[in-house]
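Residue-level listing of the chains:
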Amino acid sequence: QEAAKYNKKVMVLDFVKPTPLGSSWGLGGTCVNVGCIPKKLMHQAALLGQALEDSRKFGWQLTEEVKHNWLTMTESVQNYIGSLNWGYRVALREKSVAYENAYGEFVGPHTVKATNKRGAEKLYTAERFLIATGERPRYLGIPGDKEYCISSDDLFSLPYCPGKTLVVGASYVALECAGFLAGLGLDVTVMVRSILLRGFDQDMANKIGDYMEGHGISFIRQFVPIKVEQIEEGTPGRLKVTAKSTNGSETIEGEYNTVLLAIGRDACTRTIGLDKVGVKINEKTGKIPVNDEEQTNVPHVYAIGDILEDKLELTPVAIQAGRLLVQRLYAGATRKCDYVNVPTTVFTPLEYGACGYSEEAAAETFGEENIEVYHSNFWPLEWTVPGRDNNKCYAKVICNLQDNERVIGFHVLGPNAGEITQGFAAAMKCGLTKEQLDTTIGIHPVCAEIFTTLTVTKRSGASILQAGC
Amino acid sequence: MAQRLVLQRLLSLTPRTLPSQGPRVLPGRAFSTSVGCRSTFNVQDGSDFQDRVVNNPKPVVVDFHAQWCGPCKILGPRLEKMVAKQEGKVQMAKVDIDDHTDLAIEYEVSAVPTVLAMKNGDVVDKFVGIKDEDQLEAFLKKLIGA
């Protein structure tokens, strides 16, 4: 759409290869259809369930038992997604961007072949190309995985309640899905090969795991599935999972209605003819290395989004990179995408918002003696009356002692973590220091105000347990 | 919205529920509901739209709707009921914009429900969103009368 603004003739080729179980979706990519949007809506569904329980203490009289209907929720979520798909079609049309629901592949340096779902082929030529093909869930490569397991591609439109679920993986996808499924009342187990949330601050990752475990989600650690068999067909059916320990030869078996694989995502770069145009990819990961202007090794081919090597896999990053790229190409702009201090949020039952360095990365980059970590527990006011979870929410900032105690890492574990983090990300972009944080007056009574009154350092070892306001 | 291939194949096998010949004259009020049934039909494809809407000697209201659209589910039956009341003077074509995106784009549908009033292949009137029965009655009478 950005390029069309500058009167360029633009075409979009979008095609979804169905999952092994036949799931597919409309225009908009992963985020809209099988990612952020349905995920957050289902997370909200789970939070509302909790809110209904809390409401009793606030005087609401629920006369009936509170139950959840999976189909009602999925229908509502899919209806909303449908309206988004249509909205994108209209937007493309209004901006005069040609759109084909066809699978694009390079057949020459400036030529792409588009194959639609009926197999009809068309050829298109262009001066420049932008690859944004994203990723798809990885399968385990064990017997029964493609036949019986589902992935996040299938979960958000599953036409039946998944029932007792085994989630395989420790990614944010795995934990977020496990989180809301349990929040909806399902029996959930998470099978983890080694650590939780690789790449994230491990102190925070462990707190997230502890919270989930404390709320009824079982964790099986240091095991990987080696076989999935079907005991009984059905919607859902019954599956038997055999798993092997990662240290030793112990094997275990378990029975579940659904097995959800969330062990990682693979870039869709291997079957789009990149060899025909000469674009180099990392053979091992499938990712495309680009320079800081999102250009591949072939000058007229660019790439954005999850397929980029060593870049953050986040929707807003891809969108920003794409817009700035087009502005540089066609509007004479020079701004490049800033990949530093990009805020994110993990929507696990206890939400986690972060911006900047993890504690480990900060210690490694600046030296442990050169950073100061301020932290505190906090108890959201809304949780006091229903008597929920004191001393589980947590706030942490990491400061660079060699640079005016500049805030280089921001971490919050608590409700509305995303909303809290957004503002602090802007402050960090302006060079926020600990002193500026301390001289900012807090808003009371909200969770975020804790960041204006952090005094205890990790180094001191002092207690951060809270008693109450 | 997400689809499953099996379901799609099933839908494409669903036979047409209405005959493609022109309307027959029916005696008496006992058959008023079947007149309503035949006054309303689902458009199957582009050429079906040409035959039964564009080339229809009678005026046709075209209801562009979508499965994911809540208000469409309210307007649809309401419009069908008001069309049936017009005793065959107007017909109603239903177009699912996800199944027939080309048609929806051709007629510049942005939001749903969008209802077009068509006479002799031309769009003579249109509205977007929900209307109540009285408003629909006026809309239809204007189409028939004009």
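None of these values were measured; they are calculated from a predicted model. (Residues numbered from 1 in each chain as written. Chains lettered and ligands numbered in written order. Predicted model: local features only at pLDDT ≥ 70, side-chain atom pairs only at ≥ 80, totals over all residues. Heavy atoms only, no water.)

Asks: Explain the nonpolar core to me, and be specific about the residues and the numbers.
Replies: Counting residues in hydrophobic clusters, the biggest one holds 71 residues, and the most contacted among them are F180(A), V397(A), F410(A) and F451(A). The biggest single contributor to this core is helix α7 (residues 172-183) of chain A, with seven residues. The contact partners of F180(A), leaving out residues within four places of it in the chain, are K39(A), M42(A), H43(A), A46(A), L155(A) and F156(A). Formed by 25 residues, the second largest nonpolar core is a distinct cluster that contains V90(A), V43(B), A93(B) and V95(B). (Core = buried A, V, L, I, M, F, W, Y, C linked by side-chain atoms within 4.5 Å. Buried < 20%, exposed > 50% of the residue type's maximum accessible area, 1.4 Å probe, protein only. Helix = DSSP H or I, 4+ residues; strand = E, 2+ residues; numbered from the N terminus. Contact = heavy atoms within 4.5 Å.)

Asks: Tell me about helix α3 (residues 36-55) of chain A, residues and numbers included.
Replies: Residues and elements named next belong to chain A. The terminal C-alpha atoms of α3, which comprises 20 residues, lie 27 Å apart, in line with the 28 Å expected from a rise of 1.5 Å per residue. All of the buried residues in α3 are P38, K39, M42, H43, A45, A46, D54 and S55. Looking at the buried positions of α3, the neighbouring elements they touch are α2 (29-34), α4 (70-94) and α7. (Expected span 1.5 Å × (residues − 1).)

Asks: Could you give an account of the UniProt feature "active site" (unreviewed entry) in chain A, with specific residues and numbers?
Replies: Residues and elements named next belong to chain A. According to UniProt, the "active site" (unreviewed entry) feature falls on H444. With respect to the helices, strands and loops of the structure, H444 is situated in the segment after α14 (434-439). Take H444: its relative accessible area is 56%, and that puts it in the exposed class. (UniProt positions renumbered as here; feature names shortened; annotations may be inferred.)

Asks: Run through the packing of aromatic side chains, naming residues and quoting values.
Replies: All names here are of chain A. Throughout the structure, instances matching the rule amount to eleven aromatic pairs over all chains. When the centroid spacing of 6.2 Å and the interplanar angle of 85° are considered together, the rings of F15 and Y103 count as edge-to-face. In this pair, F15 sits in the loop between β1 (11-13) and β2 (23-24) while Y103 sits in strand β4 (residues 102-108), placing the two residues 88 residues apart along the sequence. The exposure class assigned to F15 is partly exposed, which follows from its relative accessible area of 26%. (Phe/Tyr/Trp six-rings, centres within 6.5 Å; stacked < 30°, edge-to-face > 60°.)

Asks: Requested: an account of helix α8 (residues 202-214) of chain A, with residues and values cited.
Replies: Residues and elements named next belong to chain A. An ideal rise of 1.5 Å per residue puts 18 Å on 13 residues; α8 measures up with 18 Å between its terminal C-alpha atoms. Two or three places before D203, at the opening of α8, D201 has a side-chain oxygen 3.0 Å from that residue's backbone nitrogen. Of the residues flanking the end of α8, it is G216, one or two places downstream, whose phi is positive at about 90°. (Polar contact = N/O pair within 3.5 Å; in protein donor to acceptor, adjacent residues only side chain to side chain.)

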